[in-house]
Amino acid sequence: MLHLIGQPLAIDTFTYLQFLQSHKAGQVTETRQITKEPVKMFASAQINNYTQRELGWLGIQTAEGKDGIVAMITIRGATQRYSDWYQDGTEWVAQQIDICNGNPLVNSMLLRIDSPGGAVNGAQGLAATIRTSPKPILGWGSNMAASAAFWYLSQCKECYIENEFTAVGSIGIMSIYRDVSEANEKAGEKYAIIRSKGAEDKNPLSGLEPFGGEMQQKALQQEQQLVDNARKVFLGEVQAKRTGLTEDPGGGIFYGKEAVKMGFVDGILPFMDALKRADVLGIQYKRGA
């Protein structure tokens, strides 16, 4: 399939078939101008025949199972929606899952997580991709799978942690705004803030004005409502999958056997045992169990 710097492309069917025919015949595909007319598009990531080596180029490691392969997808470090030079974003992780679902070599996936969580932006989308995956995804947390990272772990078909020291939980949302108005005043810095008419309430939490004002207090109340509603969604999706987690655990962190007992995860498994379990889930999926 076509890809650019590891990112699968969406191409129209005519161009895709033309490219394949030319490639098989050893010919160079002619340049084709993009027209303004609508064309039928399909995501090349959905149905693909990437080899194990090619999956590796896309950042998806693989392990040979008894009747197929287990694809290993990694979430490491603080998460964000878009990829950068340092890490894959949640959108790309979701695409990796789609690639595995569209690849006949892959029977199951092992989602390896070592992350304290990250941005809310994109979190619910990745959680939904994990939850609705037709092929089984086994989640495995090492060191930490907290906040948004636990959201992802919890949506897997089964989820485990590495050992007694692995942390999970922190089910909550947090926003931070800094009031620097007093510090600026002490430093002798003054700011003139000019807002357009009709938008007098724009950006009230810039930090350049004291948070004691009516406009700032209203904005803080709105932000509080936003994070409260976001947590309700977060906790609701976690408890829908982790049915043993019947009580609201708050925003705390939990470890090892306590996390298992509370229903955060299914158990404690070393990596190789988690890989074997993912293979079992893949065999069951292939056999329609």
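Residues numbered from 1 in each chain as written. Predicted model: local features only at pLDDT ≥ 70, side-chain atom pairs only at ≥ 80, totals over all residues. Heavy atoms only, no water.

K.L.:
Just checking my understanding: could you explain the overall build of the protein chain for this structure?
P.N.:
A tally of regular secondary structure across the protein chain gives 9 helices and 12 strands. Per-residue burial over the protein chain gives 40% buried out of 289 residues. Carbon together with sulfur atoms contributes 54% to the accessible area of the protein chain, which is approximately 17100 Å² in total. (Helix = DSSP H or I, 4+ residues; strand = E, 2+ residues; numbered from the N terminus. Buried < 20%, exposed > 50% of the residue type's maximum accessible area, 1.4 Å probe, protein only. Areas by Shrake-Rupley, 256 points an atom, 1.4 Å probe, with all protein chains shown as cover.)

K.L.:
Please explain the pattern of salt bridges as it appears in this structure.
P.N.:
Note that side chains of opposite charge can pair when their charged atoms are close. Across all of its chains, the model carries 9 salt bridges by this definition. We note a salt bridge from Lys 286 to Asp 67, for which the minimum N-O separation is 3.3 Å. Pair noted here: Lys 286 is in helix 9 (residues 271–286) and Asp 67 is in the loop between strand 5 (61–64) and strand 6 (69–76), with a separation of 219 residues, a long-range link. Overall, Asp 67 belongs to the partly exposed group, its relative accessible area being 34%. A salt bridge links Glu 237 to Arg 131, with the shortest nitrogen-to-oxygen separation between them at 3.2 Å. One end of the pair, Glu 237, is in helix 7 (residues 214–241); the other, Arg 131, is in helix 4 (residues 123–131), and 106 residues separate them in sequence. (Salt bridge = Lys/Arg side-chain N within 4 Å of Asp/Glu carboxyl O.)

K.L.:
Please explain the side chain of Thr 79 as it appears in this structure.
P.N.:
Mapping Thr 79 onto the fold places it in the loop between strand 6 and helix 3 (90–101). There is a polar contact of 3.4 Å between the side chain of Thr 79 and the backbone nitrogen of Gly 118. Beyond its immediate sequence surroundings of up to four residues, Thr 79 is in contact with Gln 87, Thr 90, Ser 115, Gly 117, Gly 118, Ala 119, Ala 148 and Tyr 152. (Polar contact = N/O pair within 3.5 Å; in protein donor to acceptor, adjacent residues only side chain to side chain. Contact = heavy atoms within 4.5 Å.)

K.L.:
Honestly, the pairing of strand 7 (residues 106–115) in this entry has me stumped. Any pointers?
P.N.:
Regular strands show a simple pattern: their side chains alternate between the two faces of the sheet. For strand 7, a buried count of 9 out of 10 residues is recorded, marking the element as mostly surrounded by other parts of the structure. On the question of chirality, the crossover connecting strand 6 to the parallel strand 7 by way of helix 3 is right-handed. Two elements, strand 7 and strand 8 (residues 137–146), share 6 bridges in a ladder whose sense is parallel. Counterpart to Arg 112 in the pairing with strand 8 is Trp 140. Handedness of the β-α-β unit built from strand 7, helix 4 and strand 8 comes out right-handed. (Right-handed = clockwise from strand over helix to strand, strands pointing away. Pairing = 2+ DSSP bridges.)

K.L.:
Whenever I open this one, a nonpolar patch on the surface confuses me. Can you help?
P.N.:
There is a patch of nonpolar side chains on the surface, built from Tyr 191, Ile 193 and Leu 208 and spanning about 260 Å² of accessible area. If you trace the backbone, Leu 208 turns up in the loop between helix 6 (181–186) and helix 7. Taking relative accessible area as the criterion, Leu 208 reaches 32% and is therefore assigned partly exposed. (Patch = residues over 30% accessible without salt bridge, like charges linked within 9 Å, V, L, I, M, F, W, Y side chains within 5 Å.)

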